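In case you want the letters, here they are:
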Amino acid sequence: MPVYSEGVMEHFINPRNVGEIENPDGIGEVGNPICGDMMTFYIKVKDNRLDDIKFKTFGCGAAIAVSSMVSEMAKGKALDEAMEITPKLVAGALGGLPTQKFHCSNLGAQALHKAIENYRAKHNEGKENSRVIK
Ligand code: FES
């Protein structure tokens, strides 16, 4: 069994920002086909910043800790800053992950980035539509 850092254990036992946002501005869902773990991030955006973030993770302890840490790292950040959150930064903030669990940290950053891309796609779509209406 992998040995986890205190940071991983703490976020696994007391995960922050668990849940779902009603009418989110963006949703990012990712899964790992090998282990079968799934992660969904929901975001609310205000003034180009992440005003609120929630997540639902069906996965291992490391995946839950990673989701929790990503949500804390990203909350309040500008969208461009949040896009710079990498799996390596997340693993570092948790005090490291065992090598065989490092792939779990990929899911967190990917789900966050997908939610932001989903928001941006909708946002740009809206702008194009408004141009068409004019
Ligand atoms: S074992 Fe699959 S995300 Fe951790």
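None of these values were measured; they are calculated from a predicted model. (Residues numbered from 1 in each chain as written. Predicted model: local features only at pLDDT ≥ 70, side-chain atom pairs only at ≥ 80, totals over all residues.)

Asker: Looking at this structure, I do not really get helix 2 (residues 61-74). What am I missing?
Answerer: Within an α-helix, residues lying three or four positions from one another point in the same direction, as the helix has 3.6 residues per turn. Between its terminal C-alpha atoms helix 2 stretches 20 Å, which fits the 20 Å expected from 14 residues at 1.5 Å a residue. A large share of helix 2 lies buried, amounting to 11 of its 14 residues. Among the residues trailing helix 2, Gly76 stands out with phi positive, at a value near 85°. (Helix = DSSP H or I, 4+ residues; strand = E, 2+ residues; numbered from the N terminus. Expected span 1.5 Å × (residues − 1). Buried ≥ 20, exposed ≤ 12 C-beta atoms within 10 Å, placed from the backbone.)

Asker: Quick question: what am I supposed to make of the pairing of strand 1 (residues 26-31) here?
Answerer: As a general feature of sheets, a regular strand has side chains that alternate between the two faces. By the bridge criterion, 6 bridges tie strand 1 to strand 2 (residues 38-46) in an arrangement that is antiparallel. Residue Gly28 lies in a different strand from strand 2, and its bridge partner there is Phe41. (Pairing = 2+ DSSP bridges.)

Asker: Whenever I open this one, the nonpolar core confuses me. Can you help?
Answerer: It is characteristic of soluble globular proteins that their nonpolar side chains tend to be buried jointly. The biggest cluster of nonpolar side chains holds 31 residues, and the ones touching the most others in it are Phe41, Ile43, Val66, Leu112 and Ala115. When contributions to this core are tallied by element, the ones reaching two or more residues are strand 2, strand 3 (49-58), helix 2, helix 4 (87-93) and helix 5 (102-133). Not counting the four nearest positions on each side in its chain, Val66 is found in contact with Val90, Cys104, Ser105, Leu107 and Gly108. (Core = buried A, V, L, I, M, F, W, Y, C linked by C-beta atoms within 7 Å. Contact = placed C-beta atoms within 7 Å.)

Asker: It is not clear to me how the sheet that holds strand 1 should be interpreted in this structure. Could you clarify?
Answerer: For sheets, the rule is that strands pair by backbone hydrogen bonds, running either parallel or antiparallel. Ordered by their spatial adjacency, 3 strands build an open sheet running 1-2-3, and the pairing between neighbours is antiparallel. Taken across any chain shown, the strands that pair with only one partner, and hence form the sheet edges, are strand 1 and strand 3. Each adjacent strand pair in this sheet contributes to an overall mean axis angle of 15°, direction not counted. Relative to the sheet, helix 2 contacts strand 2 and strand 3, its axis offset from that of strand 3 by approximately 175°. (Axes fitted to C-alpha atoms, helices over the stretch in contact; angles between N-to-C directions.)

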